[in-house]
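This is what each chain is made of:
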Amino acid sequence: NHIGLHPRVLSGIVHNRNFPGWIENMKRDVKKVLGQYTDAHVALYCKSGKHRSVACAWSLQQCAESQGWSVEIQHLSKGFWKGSCSKGTCDECSPGSGEEIQEKHAHMREQVLWWWRK
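Overview of the structure. Worth saying up front: this structure is predicted, and the values here are computed from it rather than measured.

1. Concerning the overall build of the protein chain
Here's step 1: Helix and strand counts for the protein chain come out as 4 helices and 0 strands.
Here's step 2: Walking the protein chain from its N terminus toward its C terminus, one meets helices and strands in the order α-α-α-α.
Here's step 3: In terms of overall size, the protein chain behaves like a compact globule, its C-alpha atoms giving a radius of gyration of 14 Å where 118 residues would be expected to give roughly 13 Å.
Here's step 4: With the C-alpha coordinates aligned to their principal axes, the bounding extent of the protein chain is approximately 45 × 30 × 25 Å.
Here's step 5: Expressed as a percentage of its 118 residues, the buried residues of the protein chain come to 36%.
Here's step 6: Partitioning the intrachain contacts of the protein chain with sequence separation of at least 6 by distance along the chain shows that 69% fall at a separation of at least 24.
Here's step 7: Carbon and sulfur atoms make up 50% of the accessible area of the protein chain, which totals about 7700 Å².
Here's step 8: Charge-centre separation for the protein chain: the mean point of 16 positive side chains lies 10 Å from the mean point of 11 negative side chains.

Shown next, in the form of structure tokens:
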């Protein structure tokens, strides 16, 4: 019962047929807002606030940071996350996890950025 930072969940999001259109729309909308304001706030929702919204927030963070934009993520549902991967602290979901997980995250990041740059 992992959160959206798990490589399997990230892969499912990035390889979803709707992802390219979603990331294209996000890019257009965020750039439009940043053309008028200094900050952009993005809210992402899913049923449990644990899988899709977390994976999409991570994906959008990768894109924003590649543009040199600063990013702050707040998972408002984090207090309700339950299960074996409580609060995203398991070895497979933690950003500072082992080399294999870091490589999987790097691979997902490259795929996300490929769509962002398209």
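2. Some remarks on the pattern of salt bridges
Here's step 1: Under the defined criterion, the tally for this structure stands at 3 salt bridges.
Here's step 2: The residue Arg-109 makes a salt bridge to Glu-110 at a minimum N-O spacing of 3.8 Å.
Here's step 3: On the basis of relative accessibility, which here comes to 26%, the residue Arg-109 falls in the partly exposed class.
Here's step 4: For Glu-110, a relative accessible area of 44% translates into the label partly exposed.

3. Brief notes about the side chain of Gln-62
Here's step 1: Note that Gln-62 resides in helix H3 (residues 52–66).
Here's step 2: When its relative accessible area of 8% is taken as the criterion, Gln-62 is described as buried.
Here's step 3: Apart from the residues within four sequence positions on either side, Gln-62 is in contact with Arg-109 and Leu-113.

4. Section: the packing of helix H2 (residues 19–34) against helix H4 (residues 99–117)
Here's step 1: Closest axis-to-axis distance for the H2/H4 pair is 9 Å, and the angle between their directions is 60°. In this view, H2 runs oblique relative to H4, as classed from their interaxial angle. The element H2 and its partner H4 pack so that their crossing is right-handed. Here Phe-19, Pro-20, Ile-23, Met-26 and Lys-27 of H2 come into contact with H4, specifically with Val-112, Trp-115, Trp-116 and Arg-117.
Here's step 2: Residue classes in the contact of H2 with H4 are distributed as 7 nonpolar, no polar and 2 charged.

Scoring rules and cut-offs
Residues numbered from 1 in each chain as written. Predicted model: local features only at pLDDT ≥ 70, side-chain atom pairs only at ≥ 80, totals over all residues. Heavy atoms only, no water. Helix = DSSP H or I, 4+ residues; strand = E, 2+ residues; numbered from the N terminus. Rg over C-alpha atoms; globule rule 2.2 N^0.38 Å. Buried < 20%, exposed > 50% of the residue type's maximum accessible area, 1.4 Å probe, protein only. Contact = heavy atoms within 4.5 Å. Areas by Shrake-Rupley, 256 points an atom, 1.4 Å probe, with all protein chains shown as cover. Lys, Arg positive; Asp, Glu negative; His and termini not counted. Charge placed at Lys NZ, Arg CZ, Asp CG, Glu CD. Salt bridge = Lys/Arg side-chain N within 4 Å of Asp/Glu carboxyl O. Axes fitted to C-alpha atoms, helices over the stretch in contact; angles between N-to-C directions. Parallel < 35°, antiparallel > 145°, perpendicular 65-115°, else oblique. Left-handed = near helix turned anticlockwise from the far one by under 90°. Nonpolar A, V, L, I, M, F, W, Y, C, P; charged D, E, K, R; others polar.

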